[in-house]
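# Summary of the model geometry
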Amino acid sequence: MKTALTIAGSDCSGGAGIQADLKTMTMHGVYAMSAVTALTAQNTTGVKAIQTSTPDFLKQQIDAVFEDIFPDAVKIGMVSSGELICVIADRLRYYRARNVVVDPVMAATSGAVLIEDDALQALTQTLMPLAAVTTPNIREAEILSGLRIETREHMIAAAKKIGEAHHCAVLLKGGHSIGDADDLLCDAGELTWFPGKRIENPNTHGTGCTLSSAIAANLARGFALAESIRRAKAYVSGALAAMLDLGKGPGPLMHHFDLNSAFAAEKESV
């Protein structure tokens, strides 16, 4: 069985972070593992509190996974401090990790800041160069590139600049910010657009976590990067189209929309 590791923060409400990652990886048929960078008290209305892991404890988690069940892919999500990012980069280099997907999480959908000031430099200098692909949204790409993004042409310029600066493929997610759901992959200067179907669903909590985890799971299974992205986008579209409605704010996706199991079947009526 193929395996994948998520290194990210916990979402106690289950919609984002490692909880979304584990669900997504499992639904893609890979064995999912996790190293927790932070505990968060959050729900669909926002982040209430964050408790970060110590660098030594994060290192021990990563070592424990790699020393026993070597992952075929690694997804990295919310990491709030530069010190933790440096620990992750050091261990990934040490183990020569493969198929690394970096989701540069900088803020929650609610607007809560999830990354410290020193972390951005560490992210770009130590972690992104190890990535097979990084998956910024429009706002994150603006921060990483220093460019304003309002059009598809702006997306191209930003993706090229990020990729050239940090020596990794870039999947720049269009989303709602520029009026469509099309994403752009810039891989060694080659551009590929991935059209996305607009789904009118306000419940999008954890969409970015889910997409990056699905990409990592597909890479772990041996799919090429472009095909991994296509499959991941199709999965996210299906999870959105299921129209799960939980919570008082923007709710989570239905990660198990395609689950077909006797253990998940509806209870028979008496």
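This text gives an overview of the structure that appears in the document.

Phi at arginine 96 takes a positive value of approximately 55°, unusual for a residue other than glycine. Counting through the fold element by element, arginine 96 comes out in the loop between helix H3 (82-95) and strand E5 (100-102). Arginine 96 gets classed as exposed once you look at its relative accessible area, which sits at 73%. One non-glycine residue, asparagine 99, lies in the positive phi region at around 55°. Mapped onto the elements of the fold, asparagine 99 is located in the loop between H3 and E5. Overall, the relative accessible area of 26% leaves asparagine 99 in the partly exposed class.

Taken together, Glu83, Glu116, Asp117 and Asp118 make up a surface patch of like negative charges. Within the element layout of this structure, aspartate 118 appears in the loop between E5 and helix H4 (119-127).

This part is about a nonpolar patch on the surface. A cluster of nonpolar residues, Met1, Tyr31 and Ile69, forms a patch on the protein surface that exposes about 340 Å² of accessible area. Structurally, methionine 1 is set in the segment before strand E1 (3-11).

Take empty space enclosed by the protein next. Summed over all chains, the structure comprises one cavity of 30 Å³ or more. Considering only enclosed or pocket space, the largest cavity measures out at about 60 Å³ in volume. Classifying every residue of the lining of the largest cavity by side-chain character gives nine nonpolar, one polar and one charged.

Tracing the sequence through the fold places asparagine 218 in helix H7 (residues 207-220). Contacts of asparagine 218, omitting those with residues within four sequence positions, involve His28, Phe223, Ser228, Arg231 and Ala232.

Below, the discussion takes up the nonpolar core. One finds Ile7, Val74, Ile76, Ile88, Leu92 and Leu127 to be the most contacted residues of the largest nonpolar core, which totals 40 residues. If we skip the residues at most four places from it in the chain, isoleucine 7 touches Ala35, Thr37, Leu58, Ile62, Val74, Lys75, Ile76, Gly77 and Ile88. Membership of the second largest hydrophobic core comes to 27 residues, among which are Val133, Leu185, Ala217 and Leu240.

The tally for this structure, following the rule as stated, stands at four aromatic pairs. Taken together, a centroid distance of 5.0 Å and an interplanar angle of 85° make the contact between phenylalanine 66 and phenylalanine 70 edge-to-face. Given the relative accessible area of 4%, phenylalanine 66 is considered buried. The rings of Phe66, Phe70, Tyr94 and Tyr95 are connected pair by pair, giving a single aromatic cluster.

Conventions used here
Residues numbered from 1 in each chain as written. Predicted model: local features only at pLDDT ≥ 70, side-chain atom pairs only at ≥ 80, totals over all residues. Heavy atoms only, no water. Helix = DSSP H or I, 4+ residues; strand = E, 2+ residues; numbered from the N terminus. Buried < 20%, exposed > 50% of the residue type's maximum accessible area, 1.4 Å probe, protein only. Patch = residues over 30% accessible without salt bridge, like charges linked within 9 Å, V, L, I, M, F, W, Y side chains within 5 Å. Areas by Shrake-Rupley, 256 points an atom, 1.4 Å probe, with all protein chains shown as cover. Salt bridge = Lys/Arg side-chain N within 4 Å of Asp/Glu carboxyl O. Lys, Arg positive; Asp, Glu negative; His and termini not counted. Charge placed at Lys NZ, Arg CZ, Asp CG, Glu CD. 1 Å grid on protein atoms, 1.4 Å probe; cavity = no way out; pocket = protein on both sides within 12 Å on 5 of 7 lines; lining within 4 Å. Points joined across faces, edges and corners; volume = space filled by probe spheres on them. Nonpolar A, V, L, I, M, F, W, Y, C, P; charged D, E, K, R; others polar. Contact = heavy atoms within 4.5 Å. Core = buried A, V, L, I, M, F, W, Y, C linked by side-chain atoms within 4.5 Å. Phe/Tyr/Trp six-rings, centres within 6.5 Å; stacked < 30°, edge-to-face > 60°.

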